[in-house]
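Here is how the chains run, residue by residue.
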Amino acid sequence: MAAMTMDALTDDILCPVPDIAPMSQADMDAAIESVRQAVGLPAGARVVAAMSGGVDSTVVAALLHKAGYDVVGVTLQLYDHGEALKKKGACCAGQDIHDARLAADLIGIPHYVLDYENRFKDAVIDQFADSYLKGQTPVPCIRCNQTVKFRDLLDVARDLGAEAMATGHYVRRATHGNRSQMRKAVDHSRDQSYFLFATTQDQLDYLRFPLADLEKPQVRGVAASLGLRIASKPDSQDICFVPTGDYRTLIDRLRPQGREAGDIVHMDGRVLGRHSGITDYTIGQRRGLNVAVGEPLFVVKLDPEHRRVIVGPREALLTARLTLEETNWLGDQATIEEAARDGAPVLARVRSTRQPSPAHLAFADDAVQVVFDQGEEGVAPGQACVLYDPADDERVLGGGFIQSTEAAAV
């Protein structure tokens, strides 16, 4: 195969989107200083930059280099990029590793690609499919951060002699005394704290988030000013390992037993119809039920053991309390169990697109529970419940995955 020139490779991966205006020198200097403040290490310290190939992580690597750090770029190959290339209408699908490698060359830093496909499949893809079989609604991005990125990749960063690892996530890390806190990003529309709740205290001490005080237009402006061709690259929208956006096809292939038919049952016991597989449904779903009884119906519960989809009126979606599993705690108490026994007040966020709701923690049946002040609608097992401090709603206290729910009295 003939060698491809740098210009040819650059032209090949350009996306057809408008140009981005570069930053002024004063704004660039301010961005570099913001990175120095976020990292908090002396110039020359080695920092590993996790580079996904997107504009955010690329700008992180570039600003770290500009700020005088010894930067090493690392990109993870997590899924079959050949499959991603087949996606119709996708901009630069499957080019992420190439984009990251090209950017590292342009910035002038060493760059490594690690093949983590097997780890990713075991920790994220298989767990994703198994969750749907259990009637849950998983959040694969959290699993990926929790395992492959913030566990395995941190070990690599330490092996490379780095004093910290930096990512392009929009979240803030603040130090209070000898402990690190996780806080929402300045740009709340980009805040990713929900997806990072499982970051442990030890991991948070080691991680850095240089984009915490920047907004997305500023990040793109930095990229344009530095001549990075990914300045206008679109943000990823789909689950990375589902390039078509059709996750049910993936589940059918990995777990065909989820395609077993069963009954659609009203919560009052009436059998209203049949379904072709429980993996087609999630809590709160209204469309695609194919039943008509004269009132709007929603999926209120999934019974995978008996292959039943249970439906009811909207008010039946209200949840009074939920039980957490696989918890993580970043609050002031020693453990989340201690906070639960104290009945600590919290703001609980049950979906990434929803605002946190007032609640308090409780401890019952040897498990941490979240009790809402008012019923919370459409709470789905498998999703994350992320806890914020009601006295300082920018601060993340921790959270867990939703194991089960208890309906509010209707």
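Residues numbered from 1 in each chain as written. Predicted model: local features only at pLDDT ≥ 70, side-chain atom pairs only at ≥ 80, totals over all residues. Heavy atoms only, no water.

## Describing the pairing of strand β9 (residues 271–275)
Remember that side chains alternate between the two faces of the sheet whenever the strand is regular.
Line of reasoning, step 1. Pairing geometry for strand β8 (residues 262–266) and β9, over 4 bridges, is antiparallel. Among the inter-strand pairings, Ile264 is bridged to a residue of β9, identified as Gly273.
Line of reasoning, step 2. Taking the residues between adjacent antiparallel strands as the criterion, β8 and β9 are bridged by 4 residues, where Gly269 takes a positive phi near 105 degrees. (Pairing = 2+ DSSP bridges. Helix = DSSP H or I, 4+ residues; strand = E, 2+ residues; numbered from the N terminus.)

## A closer look at the UniProt feature "active site" (unreviewed entry) in the protein chain
Line of reasoning, step 1. The UniProt record marks Cys144 and Cys240 with the feature "active site" (unreviewed entry), using the residue numbering of this structure. These annotated residues cover 97 residues of sequence, and their C-alpha atoms lie no more than 10.7 Å from one another, placing them together at a single site.
Line of reasoning, step 2. Turning to its location among the elements, Cys144 is positioned in helix α7 (residues 140–159).
Line of reasoning, step 3. Under the relative-accessibility criterion, Cys144 is labelled buried at 7%.
Line of reasoning, step 4. Dropping the residues within four chain positions of it, Cys144 is found in contact with Leu78, Phe120, Val124, Lys149 and Phe150.
Line of reasoning, step 5. With respect to the helices and strands, Cys240 occurs in the loop between α9 (216–225) and α10 (247–254).
Line of reasoning, step 6. Overall, Cys240 belongs to the partly exposed group, its relative accessible area being 34%. (UniProt positions renumbered as here; feature names shortened; annotations may be inferred. Buried < 20%, exposed > 50% of the residue type's maximum accessible area, 1.4 Å probe, protein only. Contact = heavy atoms within 4.5 Å.)

## Considering the packing of helix α3 (residues 55–66) against α9
Line of reasoning, step 1. Two elements in contact, α3 and α9, have axes separated by 9 Å at closest approach and are oriented at 60 degrees. What the angle tells us is that α3 and α9 run oblique. Considering only the axes of α3 and α9, their crossing is left-handed. Counted together, Val55, Asp56, Val59 and Leu63 of α3 and Lys216, Val219, Arg220, Val222 and Ala223 of α9 form the full contact between these two elements. (Axes fitted to C-alpha atoms, helices over the stretch in contact; angles between N-to-C directions. Parallel < 35°, antiparallel > 145°, perpendicular 65-115°, else oblique. Left-handed = near helix turned anticlockwise from the far one by under 90°.)

## As for the UniProt feature "binding site: ATP" (unreviewed entry) in the protein chain
Line of reasoning, step 1. As recorded in UniProt, the sites labelled "binding site: ATP" (unreviewed entry) are Ala50, Met51, Ser52, Gly53, Gly54, Val55, Asp56, Ser57, Leu76 and Gly168.
Line of reasoning, step 2. We classify Ala50 as buried; its relative accessible area is 18%.
Line of reasoning, step 3. Setting aside its immediate chain neighbours within four residues, Ala50 contacts Ser57, Val74, Leu153, Ala166 and Thr167.
Line of reasoning, step 4. Mapping Gly168 onto the fold places it in the loop between β4 (164–166) and β5 (171–176).
Line of reasoning, step 5. Take Gly168: its relative accessible area is 14%, and that puts it in the buried class.
Line of reasoning, step 6. Beyond its immediate stretch of four places on either side in the chain, Gly168 contacts Asp56, Ser57, Val60, Gln192 and Leu211.

## Quick look at the environment of Asp366
Line of reasoning, step 1. By the secondary structure assignment, Asp366 is in the loop between β14 (357–364) and β15 (367–377).
Line of reasoning, step 2. The spacing of Asp366 and Glu337 is 29 residues in sequence and 9.1 Å in space, taken between C-alpha atoms.

## A few points about the sheet that holds strand β3 (residues 111–115)
Line of reasoning, step 1. Within the open sheet, the 5 strands sit side by side as β3-β2-β1-β4-β7. Their pairing is parallel. Looking at strand neighbours, the two that pair on one side only are β3 and β7 (207–208), the edges of this open sheet.
Line of reasoning, step 2. Bridge count for strand β1 (residues 46–50) against strand β2 (residues 70–77) is 5 bridges, and the pairing is parallel. Directly across from Ala50, in β2, lies its bridge partner Val74.
Line of reasoning, step 3. The strands that α7 touches are β1, β2, β3, β4 and β7; relative to β4, the one it contacts most, it runs at about 130 degrees.

## Some remarks on unusual backbone geometry
Line of reasoning, step 1. In this model, Arg307 sits at a positive phi of 55 degrees, which is unusual for a non-glycine residue.
Line of reasoning, step 2. Structurally, Arg307 is set in the loop between β10 (298–303) and β11 (308–312).
Line of reasoning, step 3. Classification of Arg307 as partly exposed rests on a relative accessible area of 36%.
Line of reasoning, step 4. Residue Asp365 is not a glycine yet carries a positive backbone phi of 55 degrees.
Line of reasoning, step 5. Locating Asp365 in the fold gives a position in the loop between β14 and β15.

## Side note on the pattern of salt bridges
Line of reasoning, step 1. Tallied over the full model, the rule gives 29 salt bridges.
Line of reasoning, step 2. For Arg307, the salt bridge identified is with Glu260, shortest N-O distance 3.7 Å. Highlighted residues: Arg307 in the loop between β10 and β11 and Glu260 in the loop between α10 and β8, separated in sequence by 47 residues.
Line of reasoning, step 3. The exposure class assigned to Glu260 is partly exposed, which follows from its relative accessible area of 39%.
Line of reasoning, step 4. Between Arg321 and Glu406 there is a salt bridge, and its shortest N-O distance comes to 4.0 Å. (Salt bridge = Lys/Arg side-chain N within 4 Å of Asp/Glu carboxyl O.)

## As for the environment of Asp56
Line of reasoning, step 1. Mapped onto the elements, Asp56 comes out in helix α3.
Line of reasoning, step 2. Its relative accessible area of 15% is what places Asp56 among the buried residues.
Line of reasoning, step 3. Considering only alpha carbons, one finds Asp56 and Pro390, 334 residues apart in sequence, at a separation of 30 Å.

## A closer look at the packing of aromatic side chains
Line of reasoning, step 1. Taken as a whole, this structure holds 7 aromatic pairs when the rule is applied.
Line of reasoning, step 2. The positively charged end of Arg143 is found above the aromatic ring belonging to Phe401, 4.0 Å away from the centroid.
Line of reasoning, step 3. Sitting over the ring of Tyr206, Arg158 keeps its end group 4.3 Å from the ring centre. (Phe/Tyr/Trp six-rings, centres within 6.5 Å; stacked < 30°, edge-to-face > 60°. Lys NZ or Arg CZ within 6 Å of the ring centre and 35° of its normal.)

## Regarding the sheet that holds β11
Line of reasoning, step 1. Strand order in the open sheet formed by 4 strands is β9-β8-β11-β10, and the pairing between neighbours is mixed. The open sheet has two edge strands, β9 and β10, and neither has a second partner. Recorded for the sheet is a direction-independent mean angle of 30 degrees between the axes of neighbouring strands.
Line of reasoning, step 2. Inspection of the sheet shows β8 paired to β11 by 3 bridges, in the parallel sense. Within β11, the position partnered with Ile264 by the bridge is Val309.

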